[in-house]
Number of protein chains: 2
Amino acid sequence: MHRTLSVASSPVRDLLALTSRPEVISFAGGLPAPELFDLDGLRTAYDTALRDQSVLQYAPTEGNPALRALVSSRLTRRGLPTSDVLITTGSQQALALVATALLEPGAVVAVEEPTYLAALQCFQMTGARVVPVASDADGLDPESLRSVLATEKLSMLYLVPTFANPTGRTLSASRRAEIAELASAHGFWVVEDDPYGELRYRGAAVAPLASISDRTIYLGSFSKIGAPGMRLGWLRAPVDLLRALVIVKQAADLHTSTVDQAAAAEYLKHNDLDAHVARLCVEYGARRDAMIAALPHTVPDGTTWSDPDGGMFVWLRLPGDVDSAELLKKALTHEVAFVPGAPFFATSPDHATFRMSFTTNTPAEIEEGMVRLAKVLR
Amino acid sequence: MHRTLSVASSPVRDLLALTSRPEVISFAGGLPAPELFDLDGLRTAYDTALRDQSVLQYAPTEGNPALRALVSSRLTRRGLPTSDVLITTGSQQALALVATALLEPGAVVAVEEPTYLAALQCFQMTGARVVPVASDADGLDPESLRSVLATEKLSMLYLVPTFANPTGRTLSASRRAEIAELASAHGFWVVEDDPYGELRYRGAAVAPLASISDRTIYLGSFSKIGAPGMRLGWLRAPVDLLRALVIVKQAADLHTSTVDQAAAAEYLKHNDLDAHVARLCVEYGARRDAMIAALPHTVPDGTTWSDPDGGMFVWLRLPGDVDSAELLKKALTHEVAFVPGAPFFATSPDHATFRMSFTTNTPAEIEEGMVRLAKVLR
């Protein structure tokens, strides 16, 4: 049986099943808040798109031309000059396409440690070898990357430089410049996964790696700023690679849903997505603040945590020799949940870590959840 | 650069660009007729689905439970007892998932020759070796499969047993039984790709291979009976394999569009898809008849063609030493088009073959197109 069949199902997904009981206040998810979706705007966009029977037909693999132009001009306006993108079935598909196109069995992929679980699954499925790069409060550590490069020939470096999953941390501008230089000197691709970048609650934006390095493949998504159920992502890459990825996508699913793409194009034409994102930032920022404010009286002394400027996650490390997976079982008896940190590590897990998401609970729910959590942790 | 990047883009897609001028009567496509889509029914289904914000959220990889139940009961009612399916982003994705899960580089896949182009691309992308099995008017020839099995250890046999692409032919019941026996004896998987099976214009249905062999992975699709733009397919397989394919799909795109799935479930609940398919069969049957009736005075003596009981395609072979790709250029100057047959062959192309689709033109357009084609071929 093929190697892929030995890749375990995501532990996060298995846990989500346990934490979805309505009486549980769950900080375990990585979901946007459904009550903040622009349901009416999107419903109207679908209805408008479905006036034309061509939205039900097969369509080009590259994606809906109007949507590609709208996404490209939006990226350009936000500081990343973009002439074209490939529309993907969520940015998870973009990641899978990149892995298929660029990784042979035995190829080496470096990842920030800890990192996004489903990226690890993608890379493992190609038979690539994943090597970790250390990170700290400023994101991936270029010194650690240099020492990896001293012994490894990298095909790719994968990272979420802005409001990372699971840490919530942002890679500093100076480190971005260092990584861009290393990519150019050593000839590896940088995969800049940026689903959270627009969800900034304080501070100034940091320019994307893709704006300073032409060795960068930039992945964006409608999932956190629009709605994940539509499964719409986009990929920006140098033109030769973009063309090659279109061929890989053709074999993967021919093209992304014509209906969802047309609805997204209608939505972007007739709605102010920036204003919607601003509303999200107000709500999510208040939720972030509620969680951070409660932490000092929730966790034991000696606990450390990230202090994210945006995104969805706080990353914590408990003092002493504890296993957060064991603590989760106890937390569930108190009807509160988080995600143990171990699965986010490519190699040596730190069992004292865990991830908390603040997006799907109101500040009041967060306060109540933190009271419950204090009973478990303190 | 990775092997996938050397896989050429589908020649059919490149040709479609040439044949899409409005003055061309094109028999080149493989598309359903857009004027026959149930636009109103589907538009209402989307609008109903979008009353609930949960259709915009992330969802389980396996697919919408209501849709899975509706598809399973429909398959069961049509003679294929089915307890569950995996919903895929079109049946092209199902094919890609199966290839990823079951094919290592160097694995051997047998395909009916000629066969579906994008399946060949999928298999080539995994690094598998594709070996052809001969076919005739009754579909894949079990004798040819036996001689392949004498020298090759097959991982998989891929075929479109009912109204095949590109030939339009249907595998006989007795041959299905022979293939099921060979699969069991030699331990290979049969991938039964069945996008056209419901489009039968005459004769009685032949039971699917999956109903007589538990070594069969059955792929179905909403694309030809509903609308391809929604990118909805389904995969039926033994439960262990189905579970493994869920993990592969999770890495591929997390899940298929929640919106499209919910709309399809609404549509199936409130509309009579069987009645819609019956209408399609009346229309497509008349188009088939128009093409077959015109062929004797369109093609030169000595030409052979398939006489399909359903589906979308007629497959032809011209007499003498001709190259249908050259004839296509001439045909385009007469504003008519078809698809040259060579790309549908895994190994040794027969350049005298070509494929004609009868679904997207009315009988009157087909008659006019055949008059133009006669000037090129006779």
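The rules we used
- Residues numbered from 1 in each chain as written.
- Chains lettered and ligands numbered in written order.
- Predicted model: local features only at pLDDT ≥ 70, side-chain atom pairs only at ≥ 80, totals over all residues.
- Heavy atoms only, no water.
- Helix = DSSP H or I, 4+ residues; strand = E, 2+ residues; numbered from the N terminus.
- Rg over C-alpha atoms; globule rule 2.2 N^0.38 Å.
- Buried < 20%, exposed > 50% of the residue type's maximum accessible area, 1.4 Å probe, protein only.
- Contact = heavy atoms within 4.5 Å.
- Core = buried A, V, L, I, M, F, W, Y, C linked by side-chain atoms within 4.5 Å.
- Pairing = 2+ DSSP bridges.
- Buried area = accessible area lost by both parts, 1.4 Å probe.
- Salt bridge = Lys/Arg side-chain N within 4 Å of Asp/Glu carboxyl O.
- Polar contact = N/O pair within 3.5 Å; in protein donor to acceptor, adjacent residues only side chain to side chain.
- Least-squares fit on C-alpha atoms with pLDDT ≥ 70 in both.
- UniProt positions renumbered as here; feature names shortened; annotations may be inferred.
- Arc of directions from axis to C-beta.
- Phe/Tyr/Trp six-rings, centres within 6.5 Å; stacked < 30°, edge-to-face > 60°.
- Lys NZ or Arg CZ within 6 Å of the ring centre and 35° of its normal.
- Axes fitted to C-alpha atoms, helices over the stretch in contact; angles between N-to-C directions.
- Left-handed = near helix turned anticlockwise from the far one by under 90°.
- Nonpolar A, V, L, I, M, F, W, Y, C, P; charged D, E, K, R; others polar.

Novice: How do you make sense of the overall build of chain A when you look at a structure like this?
Specialist: Counting secondary structure elements, chain A contains 12 helices and 15 strands. Its C-alpha radius of gyration of 20 Å places chain A within 12% of the 21 Å reference for a compact globule of 378 residues. On the principal axes, the C-alpha backbone points of chain A span a range of 55 × 55 × 45 Å. Each of the 378 residues in chain A was classed as buried or not, and the buried ones make up 64%. Of the contacts made within chain A by residues no fewer than 6 positions apart, 73% connect residues no fewer than 24 positions apart.

Novice: I keep staring at the nonpolar core and nothing clicks. Help me out?
Specialist: For soluble globular proteins, the rule of thumb is that nonpolar side chains tend to be buried together. Core analysis: the biggest nonpolar cluster contains 144 residues, and Leu56 and Met230 of chain A together with Leu56 and Met230 of chain B have the highest contact counts within it. In this structure Met230 of chain B touches Leu56, Ser257 and Val259 of chain A together with Leu42, Tyr46, Phe222, Asp260, Ala263 and Ala264 of chain B, once residues within four positions along its chain are discounted. The next biggest cluster of nonpolar side chains, apart from the first, holds 92 residues, and it includes Val191 of chain A together with Ala107, Cys122 and Ile217 of chain B.

Novice: How should I be thinking about the sheet that holds strand S11 (residues 304-305) of chain B in this particular structure?
Specialist: The strands making up a sheet are joined through hydrogen bonds of the backbone, oriented either antiparallel or parallel. An order of S11-S12-S15-S14 (chain B) is seen for the four strands of this open sheet, with the pairing classed as antiparallel. In this open sheet, the two strands that pair with only one neighbour each are S11 and strand S14 (339-340) of chain B.

Novice: Help me understand the interface of chain B and chain A in this model?
Specialist: Where the parts come together, the accessible area they lose is often given as the size of the interface. If you look at the interface, chain B gives 65 residues, while chain A gives 66 residues. In total, about 5,700 Å² of surface goes out of reach between chain B and chain A, with carbon and sulfur atoms giving 60% of it. Across the pair Arg43 of chain A and Asp47 of chain B runs a salt bridge whose closest N-O atoms are separated by 3.2 Å. Connecting chain B to chain A are 24 residue pairs in polar contact (both at pLDDT 80 or more). With seven residues, helix H8 (residues 239-253) of chain B is the largest single contributor of residues to the side of chain B that touches chain A.

Novice: For this particular structure, what's the right way to read the pairing of strand S12 (residues 313-317) of chain A?
Specialist: Strand residues, when the strand is regular, have side chains that alternate between the two faces of the sheet. All names here are of chain A. Of all five residues in S12, four are buried, a share of seventy percent or more. With two bridges joining them, strand S11 (residues 304-305) and S12 adopt antiparallel strand pairing. Opposite Trp305, over in S12, you have Leu316 as the bridge partner. Bridge analysis of S12 against strand S15 (residues 353-357) gives five bridges, and the strand direction is antiparallel. Of the residues in S15, the one forming a bridge with Leu316 is Phe354.

Novice: Explain the relation of the copies chain B and chain A to me, please; I cannot follow it from the model alone.
Specialist: The relation between the two copies of this chain is a rotation about an axis and a shift parallel to it. Turning chain B through 180 degrees and shifting it by 0.0 Å along the axis lays it on chain A, with an RMSD of 0.0 Å. Seen this way, the second copy is the image of the first under a two-fold rotation axis. In terms of proximity to the rotation axis, the leading residue of chain B is Asp47 of chain B, whose C-alpha is 3.4 Å off the axis. Both copies contact each other with a shared surface, as 100% of the interface residues of chain B are interface residues in chain A too.

Novice: I'm lost on the pattern of salt bridges in this one. Help?
Specialist: Across all of its chains, the model carries 47 salt bridges over all chains by this definition. A salt bridge links Arg146 of chain A to Glu143 of chain A; the shortest N-O distance between them is 2.7 Å. Of this pair, Arg146 of chain A and Glu143 of chain A both sit in helix H6 (residues 142-151), separated by three residues, roughly a single helical turn. Where Glu198 of chain B meets Arg78 of chain B, a salt bridge forms, and the shortest distance between an N and an O atom there is 3.6 Å. Here the residue Glu198 of chain B occupies a position in the loop between strand S8 (189-193) and strand S9 (216-221), and Arg78 of chain B occupies one in the loop between helix H3 (65-77) and strand S2 (86-88), the gap between them amounting to 120 residues. Looking at Glu198 of chain B, the relative accessible area reads 17%, which means it is buried. Within this structure, Arg74, Arg77, Arg78, Glu198 and Asp274 of chain A form a network of salt bridges that share partners.

Novice: Any chance you could explain the environment of Trp315 of chain B here in plain terms?
Specialist: Residue and element names in this part refer to chain B. When you line up the elements, Trp315 lands in strand S12 (residues 313-317). Residue Trp315 is classed as buried on the basis of its relative accessible area, which comes to 6%. On a C-alpha basis, the gap between Trp315 and Gly341 in space is 8.3 Å, while along the polypeptide they are 26 residues apart.

Novice: Quick question: what am I supposed to make of the pairing of strand S15 (residues 353-357) of chain B here?
Specialist: Residues and elements named next belong to chain B. Judged by how many residues are buried, S15 sits mostly within the fold: five of five residues are covered. Here S15 shows a buried face lined by Thr353, Arg355 and Ser357 and a second buried face lined by Phe354 and Met356. Summarising the sheet, S14 and S15 pair through two bridges and their orientation is antiparallel. Bridged to Pro340 within S15 is Phe354.

Novice: In this structure, what is going on with the UniProt feature "domain: Aminotransferase class I/classII large" (unreviewed entry) in chain A? I would like to understand it.
Specialist: Using the residue numbers shown here, the UniProt feature "domain: Aminotransferase class I/classII large" (unreviewed entry) corresponds to residues 49-372 of chain A. Annotated as 40% helix and 16% strand, the span residues 49-372 of chain A places its first and last C-alpha atoms 46 Å apart.

Novice: Teacher, can you tell me more about the environment of Ala45 of chain A here?
Specialist: All names here are of chain A. Here Ala45 shows up in helix H2 (residues 39-49). Residue classification places Ala45 among the buried residues on the basis of a relative accessible area of 4%. Separated by 26 residues in sequence, Ala45 and Thr19 have C-alpha atoms that sit 33 Å apart.

Novice: What should I look at first to understand helix H11 (residues 324-333) of chain B in this one?
Specialist: Residue and element names in this part refer to chain B. For H11, every residue scored as buried is listed here: Ser324, Leu327, Leu328, Ala331 and Leu332. Axial view of H11: buried residues confined to an arc of 145 degrees, hence all on one face. Residues of H11 that are exposed and angled more than 90 degrees away from the buried face: Lys329 and Thr333. Its side-chain oxygen at 2.9 Å from the backbone nitrogen of Ala325, Asp323 defines the N-terminal cap of H11. Phi for Glu335, located one or two positions after H11, is positive at around 60 degrees.

Novice: Sorry, what's going on with the packing of aromatic side chains here?
Specialist: For any two aromatic rings, the description comes down to two numbers: the centre-to-centre distance and the angle of the planes. Residues and elements named next belong to chain A. All told, the structure shown has 15 aromatic pairs over all chains when counted by the stated rule. Ring plane angle 75 degrees and centroid distance 6.4 Å describe the contact between Phe222 and Tyr267, whose orientation is recorded as edge-to-face. Linking Phe222 in the loop between strand S9 (216-221) and strand S10 (233-236) with Tyr267 in helix H9 (residues 258-270), this pair joins segments that are 45 residues apart in sequence. Residue Tyr267 is classed as buried on the basis of its relative accessible area, which comes to 2%. Joined through ring pairs, the aromatic side chains of Trp315, Phe344 and Phe345 make up one cluster. The positively charged end of Arg215 is found above the aromatic ring belonging to Trp189, 4.2 Å away from the centroid.

Novice: Hey, could you run me through the packing of helix H2 (residues 39-49) of chain B against helix H9 (residues 258-270) of chain B in this one?
Specialist: Describing two packed helices takes the angle between their axes plus the distance from one axis to the other. All names here are of chain B. Interhelical geometry of H2 versus H9 gives an angle of 115 degrees and a closest axis separation of 8 Å. The handedness of the crossing between H2 and H9 comes out as right-handed. Taking contact as the criterion, the partners of Gly41, Leu42, Ala45, Tyr46, Thr48 and Ala49 in H2 are, on H9, Val259, Asp260, Ala262, Ala263, Glu266 and Tyr267. When the residues that make up the contact of H2 with H9 are grouped by side-chain class, the tally is eight nonpolar, two polar and two charged.

Novice: Would you explain the sheet that holds strand S2 (residues 86-88) of chain A in this entry?
Specialist: Residue and element names in this part refer to chain A. The mixed open sheet is built from seven strands, whose spatial order is S2-S10-S9-S8-S7-S3-S4. Whereas interior strands pair on both sides, the edge strands pair on one side only; in this sheet they are S2 and strand S4 (129-133). Pairs of neighbouring strands in the sheet enclose a mean axial angle of 25 degrees, with direction left out of account. Of the strand pairs in this sheet, strand S3 (residues 108-112) and strand S7 (residues 156-159) are connected by three bridges, and their pairing is parallel. Among the inter-strand pairings, Val111 is bridged to a residue of S7, identified as Tyr158. Packing of helix H4 (residues 90-102) onto the sheet brings it into contact with S2, S7, strand S8 (189-193), S9 and S10, and relative to S9 it is tilted by some 155 degrees. Running over the sheet, H6 touches S4 and S7 and is turned about 140 degrees from S4.

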